Amino acid sequence: MPGSPSEPYEARERCEACEPYEACEPYEGSQQHVASAPSEPYDLAVIGAGPAGLAGAVTARTLGLSVALLDAAPRTGGQYFRHPAPGLGAARPQALHHDWAEFTALRRRFEESEAAHLAHHHVWTVTRQDDDGTWTVHALTGPDAASGTPARVRARAVLLATGAYERQLPFPGWTLPGVVGAGGAQAMLKAGLVLPGRRIVVAGSGPLLLAVASSLAAAGARVPAVVEASGYLGYARSPRALATSPHKLLEAAVHGSALLRHRTPLRTRSAVTEVHGTDRVEAVTVSRLDRAWRPVPGTGRRIACDALAVGHGLVPQIELATGLGCATRHTPDGTHALALDALQETSVPGLWAAGETGGTGGWQLARTEGELAAIAVAARLRGLPALTRSRRARDLARRRDRMRAFADAMAAAHAPGPGWTSWLPDDTEVCRCEEVTAGGIREAAGELGARDARTVKLLTRAGMGWCQGRMCGAAVACLAASGTAQGTVPPSAERRPLAVPVPLGTLATGPEEPGTT
Amino acid sequence: MARDRTPADLVGADPGPPFEITFDGRPVTALPGQSVAAALWGAGILAWRTTRNGGRPRGAFCGIGQCYDCLATVNGEPNRRACLVPARPGDAITTQEGHGHAGLAV
């Protein structure tokens, strides 16, 4: 029931459900905070229906809050638990997922929670009301938001669970049809049951590559090689973080044995340095890399394939938060994530975040943080700080800390080396939207003196197109910094005043009834 | 073992009745629940847009609605993200040239 207020839990049910939070006393305030008219704000708006958002919404409902969950996709699950539409009749969706049963259990709890699920809502900005401090979440509705039909949802608190997207580092030929994001290949397979080719090389860096390669192989593709730019020795630097995350190690072992079964070799310290073909992929050249990720001359080997799935880790999707002034932190793999306190609150009071927005860490961490954030929101809105000291909250915080430590160790092991730009000739396009080449960016950074991505954008249009620099941002920042003393800098924190392209007509329209769709 | 397998086999898919869409006038079979991009990939089509400046072919890249490389003209309307738009029976998909508004001469 999009936009409709949710009913509070019956006191008896709440008592049982609240037990872990040691919050069994009836919630006196619950009635007054549950939206009774369309103009009444929700207690909590959750943005993003992946594991973090689902766990946050379920927990907040359990603790008596009214909740609206907004997400661009038609179904819950986010990117990790993306799954086929019902029309495809998949009897065994778990064949494409680890932990599918845990997801379906979470989804069932969400469906039973009576939180409002606002699917097909593409959130483009969040604003704060000056008079009473409530938030307004602005969205465009529809499968791809093309119609520009607006919706607004008001809430007393916001939980950002917007996840991440894939980081791309360009190389010659990366714009040819048949070159797809590693996460993109995974998403198209999980949702649409299709492959970009029959013989697919998987390349880039990060643990996602192993998962993608084993899914593609299980779905019938030949995977002639998995090409990883880092060495896995990087993990050995953090033995303690590894030893305390057995689930992650088990997952890696499962992928590893699946690849062995499909006879897929893993080439570490290597990268695809060229894609061959005129109008689509015909082959790739794989070169050895030195420790700084510079290709070693004379090591290139050609591998025939009809597709390449490539990605270099994930970038937290945080522009809704940075637009509100939230502080960020540098992650060990060179991205920006939201800086969060011990209870998942951003530096802007009333705005919480969970999951990949705080740094890449996987779905178990996302779910843990979502639950913890919802407890903190309930504690604040209900005036019950004791909630955050409950056994459950302390357990969640401990698990969160352990998984974050592992995530940081993993991120450090896969951080791009400073020498990667040496595989990038001047005629390679870096900005896919505006067709700006590496040479154009180098000229802006050299002769014209640009030292950051923003100045490069003003001079060359790199990052000014449809994707707003999501695909080229990391590369442009590295190229802009290559002449500086540091040699390399992470891209500036994600700043996009509009997170989704918005028709001018929508911007010009005055505020309408909040909660309408 | 893996070689003859398809994604549909892997998940034991029993889809609803297939239907037809067209791509630049050619018939393409789509399954209920597939996006336009998935239906095109299923037919071996990887490019359905040409770039504004270089006229180079492009198709789905990020697969999750972030990169806008998969923009297509759907039933005459340009700039639709093919990886997000569900395929519907009878949809006419056409290659989007540049910004897709050539008719407006802008």
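- Under an unreviewed UniProt entry, chain B has the name Proline dehydrogenase and belongs to Streptosporangium nondiastaticum.

1. Some details on the overall build of chain B
- Of the regular secondary structure elements, chain B holds two helices and eight strands.
- Ordering the α and β elements of chain B from the N terminus gives α-β-β-α-β-β-β-β-β-β.
- In chain B, buried positions account for 50% of the 106 residues.
- Within chain B, residue pairs in contact and separated by at least 24 positions form 35% of the contacts whose partners lie at least 6 positions apart.
- By element, 51% of the accessible surface of chain B is carried by carbon and sulfur atoms, the whole surface being about 4,600 Å².

2. A look at the overall build of chain A
- Looking only at helices and strands, one finds 15 helices and 21 strands in chain A.
- Counting across all 517 residues of chain A, residues that qualify as buried make up 60%.
- Carbon and sulfur atoms make up 54% of the accessible area of chain A, which totals about 19,700 Å².

3. Brief notes about the sheet that holds strand β13 (residues 283-288) of chain A
Residue and element names in this part refer to chain A.
- Spatial strand order, β12-β13-β14: three strands in an open sheet with antiparallel pairing. The open sheet has two free edges, formed respectively by β12 (270-276) and β14 (301-304), since each of these has just one partner strand. Each neighbouring strand pair of the sheet contributes to a mean axis angle of 30°, computed without reference to strand direction.
- Across four bridges, β13 lies against β14 in antiparallel orientation. Considered in β14, the bridge of Thr285 is made with Arg302.

4. Observations regarding helix α3 (residues 51-62) of chain A
All names here are of chain A.
- With twelve residues, α3 extends 16 Å between its outermost C-alpha atoms, agreeing within 8% with the 16 Å of an ideal straight helix rising 1.5 Å per residue.
- A large share of α3 lies buried, amounting to twelve of its twelve residues.
- For α3, every residue scored as buried is listed here: Pro51, Ala52, Gly53, Leu54, Ala55, Gly56, Ala57, Val58, Thr59, Ala60, Arg61 and Thr62.
- Two residues or fewer past α3, Gly64 is found with a positive phi of approximately 90°.

Thresholds applied
Residues numbered from 1 in each chain as written. Chains lettered and ligands numbered in written order. Predicted model: local features only at pLDDT ≥ 70, side-chain atom pairs only at ≥ 80, totals over all residues. Heavy atoms only, no water. Helix = DSSP H or I, 4+ residues; strand = E, 2+ residues; numbered from the N terminus. Buried < 20%, exposed > 50% of the residue type's maximum accessible area, 1.4 Å probe, protein only. Contact = heavy atoms within 4.5 Å. Areas by Shrake-Rupley, 256 points an atom, 1.4 Å probe, with all protein chains shown as cover. Pairing = 2+ DSSP bridges. Axes fitted to C-alpha atoms, helices over the stretch in contact; angles between N-to-C directions. Expected span 1.5 Å × (residues − 1).

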